[in-house]
Amino acid sequence: MDEEILETAKSICACGAEDEALLKRLCAASAQALERELREGVAPEDCEGAFICASAWLAAAALTDARLGGAEELSSLRAGDVTIEVRGGANSERAAALRRSARQLMAPYTEGGGFFFCAVKG
């Protein structure tokens, strides 16, 4: 299954030879993290297709973030009264979307299904 995760991640993020070793480690770490989140009695083989895709998406998101290296893009600049706005670039938005998709895909198989309550004191 590890090789399938790696091949899927490579196709998602157009991995070159220089990033392959890092991506392989990211795939292994993503798969291990997802495996720890699985509900009791659920094995990666029970949800193999979803597990492979979600692990690959998480690894691709991590590689995308690593490539950014904290880079942000300038979204607005105004000279009068000096206004500068900086936001994450399209790649950071893509990485966040990959993570959301992975979590949604694995929700039926993980503890809590990705749903939680948060109390707010009023």
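Because the structure is predicted, anything quoted here is derived from the model rather than measured.

Q: Before we move on, can you summarise the pattern of salt bridges with the specific residues and values?
A: What the rule picks out here adds up to four salt bridges. Here K10 makes a salt bridge to E20, at a shortest N to O gap of 3.0 Å. Remark: E20 occurs in helix α2 (residues 20-37) and K10 occurs in helix α1 (residues 2-13); sequence separation between them is 10 residues. Overall, the relative accessible area of 32% leaves E20 in the partly exposed class. Residues E37 and R103 are paired through a salt bridge, measuring 2.9 Å at the closest nitrogen-oxygen approach.

Q: Break down the environment of R39 for me, with residues and values.
A: Looking at the element boundaries, R39 is found in the loop between α2 and α3 (48-68). Spatially, the C-alpha atom of R39 lies 9.9 Å from that of A107, the residues being 68 residues apart in sequence. Those residues in contact with R39 that lie beyond four places of it in its chain are P108, Y109, T110 and E111.

Q: I'd like a rundown of the environment of V42, residues and numbers included.
A: By the secondary structure assignment, V42 is in the loop between α2 and α3. In this structure the C-alpha to C-alpha distance between V42 and T110, which are 68 residues apart in sequence, comes to 8.4 Å. Beyond its immediate sequence surroundings of up to four residues, V42 is in contact with C47 and Y109.

Conventions we followed
Residues numbered from 1 in each chain as written. Predicted model: local features only at pLDDT ≥ 70, side-chain atom pairs only at ≥ 80, totals over all residues. Heavy atoms only, no water. Salt bridge = Lys/Arg side-chain N within 4 Å of Asp/Glu carboxyl O. Helix = DSSP H or I, 4+ residues; strand = E, 2+ residues; numbered from the N terminus. Buried < 20%, exposed > 50% of the residue type's maximum accessible area, 1.4 Å probe, protein only. Contact = heavy atoms within 4.5 Å.

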